[in-house]
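Tertiary structure, described
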Amino acid sequence: KSVKPRWVEGAEELYDYVIFGTNTGMRVSEMSNARFCDVEIHHEHTVQAGEKKLKEFLIIRNIKGKRGTGTCKSFYGAVTAYKRILARKKIKDPKKSTEKLFVKHHRDMFNVVLGQNNLKYSNTQPPAKRDFVSLRATYICYRLLNGADVYEVATNCRTSPEIIRESYAKYLGGE
């Protein structure tokens, strides 16, 4: 109640930006270009411990970025962030909306959060600086650690398996 409404709105946008970035592997520039009409919610039936479950994921098309235009299949966590963004922006028919998902990055707020939680720099020598690019790295590392194929991750991130191996796999013990 004591916080200014614009700060609350900014914090909500930043939270969804982080969740979306770590569940899609999109570059910062690609997330800046993503529009509602480019995103579709898809469903997948899975069986876990003998129970049938319905999981949702996103297919993001027309991703305009460093490597031209491509497509991305999100991990499951991106759906909740996407739905919150739809509700916050009051988008009734996302297929017809050319509005961008993210207009602001809230970079300053992100850096403050990282700094206040001692996450701005890694514990490695020399220390690596964390920023929005780290969201993509988080997605790639989690996918690799959970057994995803390097080629699948590379295709989904619109990059090459060599770049994945050189830039990320070496930090995961070469696996």
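Report on the accompanying structure.

What counts, and at which threshold
- Residue positions within a chain follow its written sequence, with the count starting from 1.
- Given that this is a predicted model, residues contribute local features only at a pLDDT of at least 70 and side-chain atom pairs are listed and counted only at 80 or more, while totals for whole chains, interfaces and linings are drawn from all residues.
- Side-chain numbers here rest on the full set of heavy atoms in the structure, without hydrogens or water.
- The disulfide criterion used throughout: a pair of cysteine sulfur atoms within 2.5 Å.
- The classification of residues rests on relative accessible area computed with a 1.4 Å probe and restricted to protein chains. Under 20% of the type maximum is buried, over 50% is exposed, and intermediate values are partly exposed.
- Residues enter a nonpolar core if they are buried and are Ala, Val, Leu, Ile, Met, Phe, Trp, Tyr or Cys, with the set joined through side-chain atoms within 4.5 Å.
- Per the convention used, a helix needs a DSSP run of H or I reaching at least four residues, while a strand needs a run of E reaching at least two, with both numbered from the N terminus.
- Two strands qualify as a pair provided DSSP detects at least 2 bridges between them.

To continue, consider the state of the cysteines. Counted under the stated rule, the structure contains zero disulfides. With no disulfide of its own, cysteine 72 lies 6.8 Å from the sulfur of cysteine 157, the closest cysteine sulfur. Owing to a relative accessible area of 0%, cysteine 157 belongs among the buried residues under this scheme.

What follows covers the nonpolar core. By size, the foremost hydrophobic cluster in this structure holds 25 residues, and its most contacted members are Phe20, Met26, Leu58, Ile60, Tyr82 and Leu101. The greatest single-element share of this core, amounting to five residues, is contributed by helix 3 (residues 78-89).

What follows is about the pairing of strand 1 (residues 39-48). With ten bridges connecting them, strand 1 and strand 2 (residues 51-65) associate as antiparallel partners. Within strand 2, the position partnered with valine 47 by the bridge is lysine 52. Hairpin connection from strand 1 to strand 2: two residues lie between these consecutive antiparallel strands, with alanine 49 at a positive phi of about 55°.

Looking now at the environment of glycine 115. By the secondary structure assignment, glycine 115 is in helix 4 (residues 107-116). By relative accessible area, glycine 115 is classed as partly exposed at 37%. Considering only alpha carbons, one finds glycine 115 and tyrosine 82, 33 residues apart in sequence, at a separation of 27 Å.

Without other data, these values stay purely geometric and don't point to any function.
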